[in-house]
Amino acid sequence: MVSFGLSYIGATVGLVLGQLRVALLVYVLGSPVIGAATSLAISTAGTLTGTLRHAREGRVSPWLLATVGAPSALAAFLTARWAGSIDARALKAAIAVVLLLTGLSMSRRRPEPTGPSEHVSSRSFAVAAEVVVGTALGAISGLVGLLLGSLRLPAMIRYARVPPPVAVGTNMAIGAVTGLSAGVATFLEGQVHFGAFAVVTPLTLLGANLGARRTGRLDEASLRRWIAWILLLSAALMLGELGVALYRAG
């Protein structure tokens with residue numbers, strides 16, 4: 001039921017919100033590696049369902065899917081093979097701080113006009129930046145078991161000036177290809193708990209489909225507010241998870 005709620009809200013705003021799910025699965029399954037890998041597989045199934053709905057309603061940008069999504073998927077596949085040997089707590093802490101600052105910024109400022117960004121001096125530079133961002137976030141995704149759409153989404157809205165509904169759909173599509181690639185790697189490594197995957201996935205798919213339908217019914221101002229609050233919630237969950245882990249370690 002938790003996964004259903006997360007996927008419904010997440011699909012509405014173009015995020016996966018896997019932070020709480022991965023924490024619960026790590027606790028239930030007793031292994032950080034298996035919990036993260038299983039959560040990633042479940043998140044991927046949910047994003048694929050939400051992506052299909054967003055694509056049918058014209059909210060997915062093929063260009064960003066190619067320049068950001070393809071490098072992200074490749075990097076996630078490569079790093080997921082070594083995720084079990086890397087301590088990702090520092091990465092999660094950095095991500096949580098970025099989410100917190102971004103959420104506060106988006107909740108306080110008035111919407112900026114969409115259109116070409118004044119910060120980009122040339123199209124070639126923009127493409128290079130998109131590839132670098134996609135690669136970096138994909139690499140981190142494979143390590144920490146999260147799709148990190150909460151970092152990618154505000155960047156597309158604030159700096160690439162992508163309209164929020166299109167950013168929502170495209171971000172979920174990029175998350176889908178990234179998670180699918182990393183998921184293949186974790187399946188090959190035998191890190192996915194199939195029982196948990198079979199139990200949690202069906203309601204996750206239902207929530208993602210219903211949430212993606214709601215996106216088209218929200219005006220852009222409301223959608224931005226939803227995104228800002230979800231970013232703040234994601235940051236709080238990640239910081240809370242890290243705090244608990246440090247407390248237990250101490």
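Residues numbered from 1 in each chain as written. Predicted model: local features only at pLDDT ≥ 70, side-chain atom pairs only at ≥ 80, totals over all residues. Heavy atoms only, no water.

This part is about the overall build of the protein chain. Regarding its fold elements, the protein chain presents 10 helices and zero strands. Across the 250 residues of the protein chain, 50% fall into the buried class. Residue pairs at least 24 apart in sequence account for 84% of intrachain contacts in the protein chain once pairs closer than 6 positions are excluded. Total accessible area computed for the protein chain in this model is approximately 11,400 Å², and 69% of it derives from carbon and sulfur atoms. (Helix = DSSP H or I, 4+ residues; strand = E, 2+ residues; numbered from the N terminus. Buried < 20%, exposed > 50% of the residue type's maximum accessible area, 1.4 Å probe, protein only. Contact = heavy atoms within 4.5 Å. Areas by Shrake-Rupley, 256 points an atom, 1.4 Å probe, with all protein chains shown as cover.)

In the numbering used here, UniProt assigns the "transmembrane region" (unreviewed entry) feature to residues 22–43, 63–83, 127–148, 168–188, 194–214 and 226–247. Regarding residues 168–188, the helix share stands at 100% and the strand share at 0%, and the terminal C-alpha atoms are separated by 30 Å. For the annotated span residues 194–214, helix accounts for 100% and strand for 0% of the residues, and the straight-line distance between the end C-alpha atoms is 30 Å. (UniProt positions renumbered as here; feature names shortened; annotations may be inferred.)

A word on the environment of T170. One can find T170 in helix α8 (residues 164–188). In this structure T170 comes out as buried when scored by relative accessible area, which is 0%. In this structure, the C-alpha to C-alpha distance between T170 and L65, residues 105 residues apart in sequence, is 6.7 Å.

Turning our attention to the pattern of salt bridges. Summed over all chains, the structure comprises two salt bridges. One salt bridge in this structure joins R53 and E57, with 3.5 Å as the shortest N-O distance. Taking the relative accessible area as the measure of exposure, R53 reaches 17% and is therefore buried. According to the relative accessible area criterion, E57 is partly exposed, its value standing at 37%. With a shortest N-O distance of 2.7 Å, R59 and E57 are connected by a salt bridge. (Salt bridge = Lys/Arg side-chain N within 4 Å of Asp/Glu carboxyl O.)

The next subject is α8. Under the 1.5 Å per step criterion, the end-to-end length of α8 is 36 Å for 25 residues, consistent within 8% with the ideal 36 Å. α8 sits mainly inside the fold: 19 of its 25 residues count as buried. In the stretch just after α8, G190 is the one whose phi turns positive, near 70 degrees. (Expected span 1.5 Å × (residues − 1).)

With that settled, consider the confidence of the model for the protein chain. Detailed conclusions should not be drawn from predicted coordinates in areas where pLDDT is low. Of the residues in the protein chain, 76% reach a pLDDT of 70 or more, and the chain-wide mean stands at 75. Mean pLDDT across the secondary structure elements of the protein chain bottoms out at helix α5 (residues 89–108), with 66, and peaks at helix α4 (residues 62–80), with 86. Every residue in residues 111–121 is under pLDDT 50, and counting partners more than four places away or in other chains gives 18 contacts. (pLDDT = per-residue confidence, 0-100.)

So, on to helix α1 (residues 2–13). Taking 1.5 Å of rise per residue, the 12 residues of α1 would be expected to cover 16 Å, and the 17 Å separating its terminal C-alpha atoms lies within 8% of that figure. Those residues of α1 lying buried are S3, L6, S7, G10, A11, T12 and V13.

Let us now look at the packing of α4 against α8. In a packed pair of helices, the relevant descriptors are the angle between the two axes and the axis-to-axis distance. Contact geometry for α4 and α8: axes closest at 8 Å, N-to-C directions at 20 degrees. By the angle class used here, α4 and α8 are roughly parallel. In terms of crossing hand, the pair formed by α4 and α8 is right-handed. Each of L64, L65, V68, G69, S72, A73, L74, A76, F77 and A80 in α4 lies in contact with α8, whose residues at this interface are T170, A173, I174, V177, T178, S181, A182, V184, A185, T186 and L188. Residues of the contact of α4 with α8, tallied by class, amount to 15 nonpolar, six polar and no charged. (Axes fitted to C-alpha atoms, helices over the stretch in contact; angles between N-to-C directions. Parallel < 35°, antiparallel > 145°, perpendicular 65-115°, else oblique. Left-handed = near helix turned anticlockwise from the far one by under 90°. Nonpolar A, V, L, I, M, F, W, Y, C, P; charged D, E, K, R; others polar.)

A word on the nonpolar core. Residues L64, V68, L153, M156, I157, V162, A167, V168 and I174 constitute the largest nonpolar core, which totals nine residues. Of all the elements in the fold, those that place two or more residues in this core are α4, α7 (149–158) and α8. Core analysis: the next-biggest nonpolar cluster, separate from the first, contains five residues, A76, A80, A182 and A185 among them. (Core = buried A, V, L, I, M, F, W, Y, C linked by side-chain atoms within 4.5 Å.)

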